[in-house]
Amino acid sequence: MDHPLVADFMTPVPATVEATETLRQAAQEMAEHDIGALVVRAGRRVVGVVTDRDLVVRGLAAGLGADATVQQVTSGQVVTVGHADLVEGAFDMMHAAGVSRVPVLDGDTLVGILTFGDLAIRRDPTIALVPW
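All chains use their own residue numbering, which begins from 1 and follows the written sequence. Reporting of local features is limited, given that this is a predicted model, to residues whose pLDDT is at least 70; pairs of side-chain atoms are given and counted only at 80 or more, and all residues count toward the totals for whole chains, interfaces and linings. Only hydrogens and water are set aside when side-chain values are computed; all heavy atoms of the structure are taken into account.

**Concerning unusual backbone geometry**
Right, on to step 1. Even without being glycine, V13 reaches a positive phi, approximately 50°.
Right, on to step 2. Working definition: helices are DSSP H or I runs of at least four residues, strands are E runs of at least two. Numbering for both runs from the N terminus. Relative to the elements of secondary structure, V13 occurs in the loop between β1 (11–12) and β2 (16–18).
Right, on to step 3. For D34, which is not a glycine, the phi torsion comes out positive at approximately 55°.
Right, on to step 4. When you line up the elements, D34 lands in the loop between α1 (23–33) and β3 (37–42).
Right, on to step 5. A residue is classified by how much of its surface remains accessible, and D34, at 72% relative accessible area, is exposed. For each residue, the accessible area found with a 1.4 Å probe, counting protein chains only, is set against the maximum for its type, and the residue is called buried under 20%, exposed over 50%, and partly exposed in between.

If you want it as structure tokens, here you go:
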């Protein structure tokens, strides 16, 4: 793999949440899928990523209730990568933007999510989380 692409490392078909859904609904979706992040949509458009930490720190700790909307705790600027982008460039962009997860697009269509974890596991599969 001389020039690995994002598509080779991403997790396909990521879980999503509509920006107008509640923090409760987002938390339930995360619990159901045993994940810590959801891609946030406004219709078919990707508008961000919300994490379990966002729900707690930007939501509950800031005094928002469980019925507040996901949009209220999602950062304003979304960082995305293309499925055909080189992994090295995606990694550099994620690092520069200070994000550990990015939605992966094919044009305007969401096709995956790329995380630093995906990159690390692909580089060394022995570091995957295993039960103690």
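**Side note on the pattern of salt bridges**
Right, on to step 1. The term salt bridge refers to a side-chain nitrogen of Lys or Arg lying within 4 Å of a carboxyl oxygen of Asp or Glu. Counted according to the given criterion, the structure contains three salt bridges.
Right, on to step 2. Among the salt bridges present, the one from R41 reaches E18, with a minimum N-O distance of 2.8 Å. On the criterion of sequence distance, the pair formed by R41 in strand β3 and E18 in strand β2 is long-range, its members being 23 residues apart.
Right, on to step 3. Judged by its relative accessible area of 22%, R41 falls in the partly exposed class.
Right, on to step 4. Taking the shortest distance from any N to any O, the salt bridge between R24 and D67 comes out at 2.5 Å. With a gap of 43 residues between them, R24 in helix α1 and D67 in the loop between α2 (52–60) and β5 (81–82) connect regions that are remote in the sequence.

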